[in-house]
Amino acid sequence: MRKTPRAKRGKMSRIQQLPPKIKDILDRLLRRNVSQSEILRQLEPLLTEAGEAPLSKSSLSRYAMRMEAVGARMREARAVAEAFTAGATEFDSESRLGKHIIEMLRTLAFDHVINLEPGDKENPVSLQAIKDLALAVQRMEKAADMTVRREREIRREVAAQAETEAKKRGISGDTAAALRKALQEAA
């Protein structure tokens, strides 16, 4: 009689179980491209002090490979976003990038619904994941909008203060206004 395979519960990796302080150090060392043997050497006293067993070379290697894969996807997404927004002003690029992300999300949702088959185990993207992503995009857009508005407000305040100071120092009104305009348009 053939046994049916049981569903396995995802087990946290050894590195995912590390204390947050040590994991942060590990992540920082990986981002700085420190060699794995050097990372193991630097983490050994921290792990001993925390009462943790040393990391194996293989677990660190697997984790580093996963981190590099995620990093590569992020770099690729950043390059695509930069290509979409090339030549745009700072404020315009934020808006354009948000629109492109929303369009990508719509495309992802559409493709998922079109290709959805009952009991489809090949399609790793769930509708819940798309909903969660949509909510994250909405929150990101709101935060970006707030940041852009605040930056504009700060620029206006700085420009107004500069214009006031210029007038105090005897600079003509036209020159002060030109200075204000230049400061508002500056990065």
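These notes cover the structure that comes with them. What you are looking at is a predicted structure, and each value in this text was computed from that prediction instead of being measured. (Residues numbered from 1 in each chain as written. Predicted model: local features only at pLDDT ≥ 70, side-chain atom pairs only at ≥ 80, totals over all residues. Heavy atoms only, no water.)

**Topic: the layout of surface pockets**
Line of reasoning, step 1. There is about 350 Å³ of room inside the largest pocket.
Line of reasoning, step 2. What lines the largest pocket is a set of 14 residues, among which Leu30, Arg31, Met67, Glu68 and Arg75 lie closest to the centre.
Line of reasoning, step 3. In terms of residues, the lining of the largest pocket owes the most to one element, helix α3 (residues 57-85), which gives eight residues.
Line of reasoning, step 4. Looking at side-chain class alone, the lining of the largest pocket contains six nonpolar, three polar and five charged residues. (1 Å grid on protein atoms, 1.4 Å probe; cavity = no way out; pocket = protein on both sides within 12 Å on 5 of 7 lines; lining within 4 Å. Points joined across faces, edges and corners; volume = space filled by probe spheres on them. Helix = DSSP H or I, 4+ residues; strand = E, 2+ residues; numbered from the N terminus. Nonpolar A, V, L, I, M, F, W, Y, C, P; charged D, E, K, R; others polar.)

**Here we look at the nonpolar core**
Line of reasoning, step 1. Grouped together as the largest cluster of nonpolar side chains are 15 residues, with contacts concentrated most on Ile15, Leu18, Leu26, Ile39, Leu43 and Leu55.
Line of reasoning, step 2. Of all the elements, helix α1 (residues 20-31) adds the most residues to this core, at five residues.
Line of reasoning, step 3. Setting aside residues no more than four positions away along its own chain, Leu18 makes contact with Lys23, Leu26, Leu47 and Leu55. (Core = buried A, V, L, I, M, F, W, Y, C linked by side-chain atoms within 4.5 Å. Buried < 20%, exposed > 50% of the residue type's maximum accessible area, 1.4 Å probe, protein only. Contact = heavy atoms within 4.5 Å.)

**Examining α1**
Line of reasoning, step 1. Relative to the 16 Å expected for twelve residues at 1.5 Å per residue, α1 spans 16 Å between its end C-alpha atoms, a close match to the ideal helical length.
Line of reasoning, step 2. Among the residues making up α1, those that are buried are Ile22, Ile25, Leu26, Asp27, Leu29 and Leu30.
Line of reasoning, step 3. With its phi angle positive at about 60 degrees, Asn33 sits one or two positions after the end of α1. (Expected span 1.5 Å × (residues − 1).)

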